[in-house]
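# Remarks on the overall topology
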Amino acid sequence: PWGIGAAAGGHKALHPDLGTLEDFRSLLERARELGIELALDIAFQCSPDHPYVSEHPEWFQHRPDGSIQYAENPPKKYQDIYPFNFETGAWQELWHELKSVMDFWIEQGVTIFRVDNPHTKPFAFWEWAIQRIKVSHPEAIFLAEAFTRPRVMHRLAKLGFSQSYTYFTWRNTKHELTEYFTALNHDASREYFRPNVWPNTPDILHEHLQLGGRPAFVSRLVLAATLAANYGIYGPAYELSENRPREAGSEEYLDSEKYQIRTWDLRRADSLRGLITRLNAIRREHPALRSDWNVRFHPIDNEQLIAYSKSSDDGEDAILVVVNLDPFHVQTGWVELPLAEFGLTPDHPFQVHDLLSGARYIWEGARNYVSLDPQTVPAHVFRVLRRVRTERDFDYFM
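Please read these numbers as outputs of a predicted model, since none were measured by experiment.

### What to know about the pattern of salt bridges
Per the stated rule, a full pass over the model turns up 15 salt bridges. With a closest N to O distance of 2.9 Å, Arg-30 and Glu-33 form a salt bridge. In this pair, Arg-30 and Glu-33 both sit in helix 1 (residues 21-33), three residues apart, roughly one turn of the helix. In this structure Glu-33 comes out as exposed when scored by relative accessible area, which is 52%. Between Glu-247 and Arg-246 there is a salt bridge whose closest N-O contact spans 3.5 Å. In this structure Arg-246 comes out as partly exposed when scored by relative accessible area, which is 40%.

Dropping the structure here:
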């Protein structure tokens, strides 16, 4: 089902069932009116009836019997996918044609590309293509969908990919999250590696979501939206906490949109739609959450609770997040804050405002108590307000 193209056209065409290019441009225009930009998935592979197959058979690998070799990832066989042969003698023509695919969609108004498995194509091609596109369209964004070895992911980032997938999906314990995001934020690689974290994808339904149900979906959403400057979700399935795997031990969805058309009721009472909306609003309103470099983890005396903060460059916006990593039980603990880093003093109370629930708490000193129930909202996203006013703050005290 991931084979691209049909007898009606290839990478520069729309399937007739979906409409026309005029319809597509109308969709783009309407999206912009709503403050939305569209991204395009770029998968450089072909269906057997793609026009490239008949017009340029030299761009593909052939078997000894002359037939075109389909994709394989043993023991899997992808008989509906013909991969390009980047080592063909006609590689220059192939490279120029593939770059022209991205040029074509940029002309239509798309400048954001999620690139499918870029690590399975030559690095030299991406460096060549992205560099040339960026000359005329510096605003173009390329997201590398590459769940592969760290050195390969980092190499792609150095070649020009604006953002990269990460291992966030498989980091679920307090130790794993702390270690991983400390490395992402403080390693020298932060100068070129821009992480984009995803709790799920159309291909990946992690065991934590399968077993933890809706509370796990909520906590992972909060973590993704606040730990990283860039995050994404496979929307409908995530909003409705879809957690059924194809089979035990699998990370694939049982009812997958890869193989069937789904209809989603996003207004269901249990939908996470409202929470996603609120988190995105918080991200827009608070510059502290727009950086990957400013996360600081704080001690909390419960391994099922994780606490961390982010502050804006000028220090005026400070966000403290506490998340219950246990989707089954209420967890309590004492979080310890470095007061001086927040511009606070031990002898003066301060206020924390939960931006998710609206609740406000008066805290005092470095250690303060939290209790989080996974069945409600298993997280606090606090704005730290540096002081509580006293009588000395008003004119009549003069």
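Next, the rest of the story.
### Quick notes on the side chain of His-286
Checked against the element boundaries, His-286 lands in the loop between helix 9 (273-285) and strand 10 (296-298). Looking at His-286, its side chain comes within polar contact range of the side chain of Asp-317, at 2.9 Å. Among all residues touching His-286, those that are not within four sequence positions of it are Asp-317, Ile-319, Leu-355 and Arg-383.

### Some thoughts on the packing of aromatic side chains
Scanning the model with the defined rule gives 30 aromatic pairs in all. Both rings, one in Tyr-52 and one in Trp-59, keep their centres 5.3 Å apart while their planes meet at 70°; by these two values the pair is edge-to-face. The side chain of Arg-63 reaches across the aromatic face of Tyr-70, ending 4.5 Å from its centre. In this structure, Arg-220 is placed above the aromatic ring of Phe-168, and the distance from its NZ or CZ to the ring centre is 4.0 Å.

Calculation criteria
Residues numbered from 1 in each chain as written. Predicted model: local features only at pLDDT ≥ 70, side-chain atom pairs only at ≥ 80, totals over all residues. Heavy atoms only, no water. Salt bridge = Lys/Arg side-chain N within 4 Å of Asp/Glu carboxyl O. Helix = DSSP H or I, 4+ residues; strand = E, 2+ residues; numbered from the N terminus. Buried < 20%, exposed > 50% of the residue type's maximum accessible area, 1.4 Å probe, protein only. Polar contact = N/O pair within 3.5 Å; in protein donor to acceptor, adjacent residues only side chain to side chain. Contact = heavy atoms within 4.5 Å. Phe/Tyr/Trp six-rings, centres within 6.5 Å; stacked < 30°, edge-to-face > 60°. Lys NZ or Arg CZ within 6 Å of the ring centre and 35° of its normal.

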